[in-house]
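Observations on the model geometry
The chain contents come next:
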Amino acid sequence: MLWGRCSSKYIAKFMTVAHFKSKGLKRSSPRPAKALCSDCGLCDTYYIHYVKEACAFLNQQVAELEQQAHGQSRDLDSEDDWYFGVHQQMLTARKKDPIPGAQWTGIVSTIGIEMLNRGLVEGVVCVQNTPEDRFQPMPVIARTPEDILAARVNKPTLSPNLSILEQIEQSGLKRLLVIGVGCQIQALRSVQDKLGLEKLYVLGTPCVDNVPRDGLQKFLETTSKSPETVVSYEFMQDFRVHFKHEDGSEEQVPFFGLKTDKLKNIFAPSCMSCFDYVNSLADLVVGYMGSPYGWQWVVVRNETGQEMLDLVMDQLKTQPVMSEGDRKSAVQNSIPAYDKGVTLPMWAAKLMGVVIDRIGPRGLEYARFSIDSHFTRNYLYVKRNYPEKLEGHVPAYAQKIVEQYTLPD
Ligand code: FAD
Ligand code: SF4
């Protein structure tokens, strides 16, 4: 018995020391996941030691990690679970007093600030931008509300958020909030027990169609009338891309008018093979796509997520989630159109945008529309480019979603 205890203590110590022997890769070095790497940042650190298990693109393990993080994995008999993951509740919310310059109304930044101000955490992992480039991500451990505010708004580019993991252990932080997207959070969940933390909180956003910095430039130049003045953009629930410009003006471009033939190759291969749009492993997720236009969508996955949301409830207007319309034929029709790179003339795209906005899916049905469209596209991408990975890489819930549609070969 004593030997058993000693040996497990020894093994645990050995495992903690073992990762110090690894060294993070240079930024210019090829990554273990090769072209599929989403640059989550893990491999920049000595936690690369765990990459074979931790990398979302080398070892898909959503169900196992859901069990670890939430005490249960998705119920495959529940359609809501296929789509939105394990959850205790979903709601629609917006800040009564929105944060200027936030991506939406700033619920994410507000939660980070409250957690820091109330002493629940000592630091918040989030991503600011470099001084030279508003879209070049710069991950930080924020220690003040000002640091968190400086990270508001999306950097719509692959961001190595986990590159700060070594700093966490070295700085002796014990209570931490991490804000991030699905692939970052999957790798984080795999190594969280090695970080020496007493408590980890995870606040996620959904994420889809992310791009490397040069891909973003191509998107802006192909789609916006004034690419150099864009400060943020969003693919909105009204089927238009909304660009915000430096002077406060807004530009709208209908989805159906996007030059899909030119844009097809800009998305990162990691995002073309991702099936964790809704950030399944975060404690709390804040996005927009399950809520009506102008509102944010909040998914509470577990007790920790509820604790985080409770901190800001008095600052929010809320309403129940809603769902209207039927997405299925729109998704089925979009599959061959996207595959062939069909682009409509702008007048037809605008007309189609107006019609779909009036009669199209809303609320949770819009979220299902977006998830179905991306999962069918990504399934075809993996099948065609990485056939040997298809079976292990596509989670069971995504398989069920894709099976609802007829796909080309
Ligand atoms: P803010 O208060 O402005 O805070 C934004 C937070 O996002 C900051 O804390 C920052 O650290 C973090 N962040 C910014 N860029 C990145 C990045 N590249 N990687 C990791 N973290 C980052 N929601 C949907 O419902 N559907 C979508 O399709 C969707 N796509 C998204 C794609 C990307 C690349 C990102 C980053 C987010 C996406 N979201 C999506 C989430 C949504 O756009 C908002 O970020 C979310 O609703 C929070 O808004 P907010 O005003 O509360 O955030
Ligand atoms: Fe490493 Fe992350 Fe890239 Fe995987 S996605 S190879 S864990 S940096």
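Please read these numbers as outputs of a predicted model, since none were measured by experiment.

**Considering the site of ligand 2**
Around ligand 2, the structure places 13 residues, and the nearest of them are Cys37, Ser38, Cys40, Cys43 and Cys55. Here the residues of the shell around ligand 2 are counted per class, giving 9 nonpolar, 2 polar and 2 charged.

**Quick look at the pairing of strand E5 (residues 199–204)**
With 5 of its 6 residues buried, E5 lies for the most part within the structure. Alignment of strand E4 (residues 175–180) against E5, held across 6 bridges, turns out to be parallel. When the sheet's bridge partners are listed, Arg175 is paired in E5 with Lys199. Taken together, E4, helix H8 (residues 182–191) and E5 form a β-α-β motif whose crossover is right-handed. Both E5 and strand E9 (residues 284–287) contribute to a ladder of 2 bridges, which runs parallel. The residue of E9 that forms the bridge with Leu203 is Leu284.

**Some thoughts on the packing of aromatic side chains**
Scanning the entire structure with this criterion turns up 18 aromatic pairs. Through successive ring pairs, a cluster of aromatic residues spans Phe219, Tyr233, Phe235, Phe239, Phe243, Phe255, Tyr366 and Phe369. Its end group placed over the ring of Trp295, Arg94 keeps NZ or CZ at 6.0 Å from the ring centre. Between the NZ or CZ atom of Lys199 and the centre of the ring of Tyr201, over which it lies, the distance is 5.0 Å.

**As for the side chain of Ser38**
One can find Ser38 in the loop between helix H1 (2–21) and helix H2 (51–54). Residue Ser38 is classed as buried on the basis of its relative accessible area, which comes to 6%. In this structure Ser38 touches Phe57, Leu158, Cys183 and Ser270, once residues within four positions along its chain are discounted.

**Details of H8**
For an α-helix the count is 3.6 residues per turn, leaving residues at separations of three or four pointing the same way. Among the 10 residues of H8, 10 are classified as buried, and the element is accordingly described as predominantly covered. Every buried residue of H8 is accounted for by Gly182, Cys183, Gln184, Ile185, Gln186, Ala187, Leu188, Arg189, Ser190 and Val191. Looking at the buried positions of H8, the neighbouring elements they touch are H2, helix H3 (62–70), helix H7 (165–171), E4 and E5.

**Details of the confidence of the model for the protein chain**
When pLDDT is averaged along the protein chain, the result is 91, and 91% of the positions lie at 70 or above. Counting interchain partners and residues more than four positions distant, the pLDDT-below-50 stretch residues 1–14 has 0 contacts.

**Examining the site of ligand 1**
Inspection of the region around ligand 1 gives 33 residues, with Trp104, Ser109, Asn154, Glu234 and Tyr288 positioned closest. Taking Trp104, its main chain carries an N or O atom lying 2.7 Å from an oxygen atom of ligand 1. For ligand 1, the accessible surface in isolation is 910 Å², of which the surrounding protein chains cover 98%. Among the secondary structure elements, those contributing two or more residues to the shell around ligand 1 are helix H5 (107–117), strand E2 (123–129) and E9.

**Quick notes on the sheet that holds E2**
Strands pair in a sheet through their backbones, by hydrogen bonds, and they do so in one of two ways: parallel or antiparallel. Taken together, 8 strands build an open sheet; the order of strands is E3-E2-E4-E5-E9-E10-E1-E11 and the sheet is mixed. Looking at the sheet topology across the chains shown, the edges are occupied by strand E3 (137–142) and strand E11 (316–320). On average, each strand axis in the sheet is tilted by 25° relative to the strand beside it, whichever way the strands run. Bridge analysis of E2 against E3 gives 6 bridges, and the strand direction is antiparallel. Along E3, the bridge assignment pairs Val125 with Ile141. Where H5 meets the sheet, it contacts strand E1 (89–95), E2, E3, E4, E5, E9, strand E10 (296–300) and E11, and its direction lies at approximately 95° from that of E1. Each of E1, E4, E5, E9, E10 and E11 touches helix H12 (residues 303–310); the most contacted strand, E5, lies at about 75° to it.

What counts, and where the lines are drawn
- Counting of residues starts from 1 at the beginning of each chain's written sequence and follows it residue by residue.
- The order in which chains are written sets their letters, starting at A; the order in which ligands are written sets their numbers, starting at 1.
- Local features in this predicted model are restricted to residues whose pLDDT is 70 or higher, and side-chain atom pairs enter the listing and the counts only when it is 80 or higher, whereas totals over whole chains, interfaces and linings include all residues.
- Computation of side-chain values covers all heavy atoms of the structure but excludes hydrogens and water.
- It suffices for a single heavy atom of a residue to lie within 4 Å of a molecule or strand for the residue to be listed as near it.
- Gly is placed with the polar residues, together with every amino acid not listed as nonpolar (Ala, Val, Leu, Ile, Met, Phe, Trp, Tyr, Cys and Pro) or charged (Asp, Glu, Lys and Arg).
- The cut-offs for exposure are 20% and 50% of the maximum accessible area for each residue type, with area from a 1.4 Å probe on protein chains only; residues under the lower value are buried, those over the upper are exposed, and the others partly exposed.
- Think of it this way: any DSSP run of H or I at least four residues long counts as a helix, any run of E at least two long counts as a strand, and we number them from the N terminus.
- For two strands to be treated as a pair, DSSP must find at least two bridges joining them.
- A crossover counts as right-handed when, viewed with the strands pointing away from the observer, the path leading from the first strand over the helix to the second turns clockwise.
- Put simply, two rings from Phe, Tyr or Trp (the six-membered ring, in Trp's case) pair if the centres are within 6.5 Å, and we call them stacked under 30 degrees between planes, edge-to-face over 60, tilted for the rest.
- Either the NZ atom of lysine or the CZ atom of arginine qualifies as a charge over a ring when it sits within 6 Å of the ring centre and within 35 degrees of the ring normal.
- In what follows, residue pairs with any heavy atoms lying within 4.5 Å of each other are defined as contacts.
- Summary of the metric used: pLDDT quantifies the predictor's per-residue confidence within the range 0 to 100.
- Nitrogen and oxygen atoms within 3.5 Å of one another constitute a polar contact, given that in protein one can donate a hydrogen and the other can accept it, and given that sequence-neighbouring residues count only through two side-chain atoms.
- In this description, accessible areas are obtained by the Shrake-Rupley approach with a 1.4 Å probe, and a residue is regarded as covered only by the protein chains that are shown.
- Here an axis means a line fitted to C-alpha atoms, over the contact stretch when the element is a helix, while the angle between two N-to-C directions is reported on a 0 to 180 degree scale.

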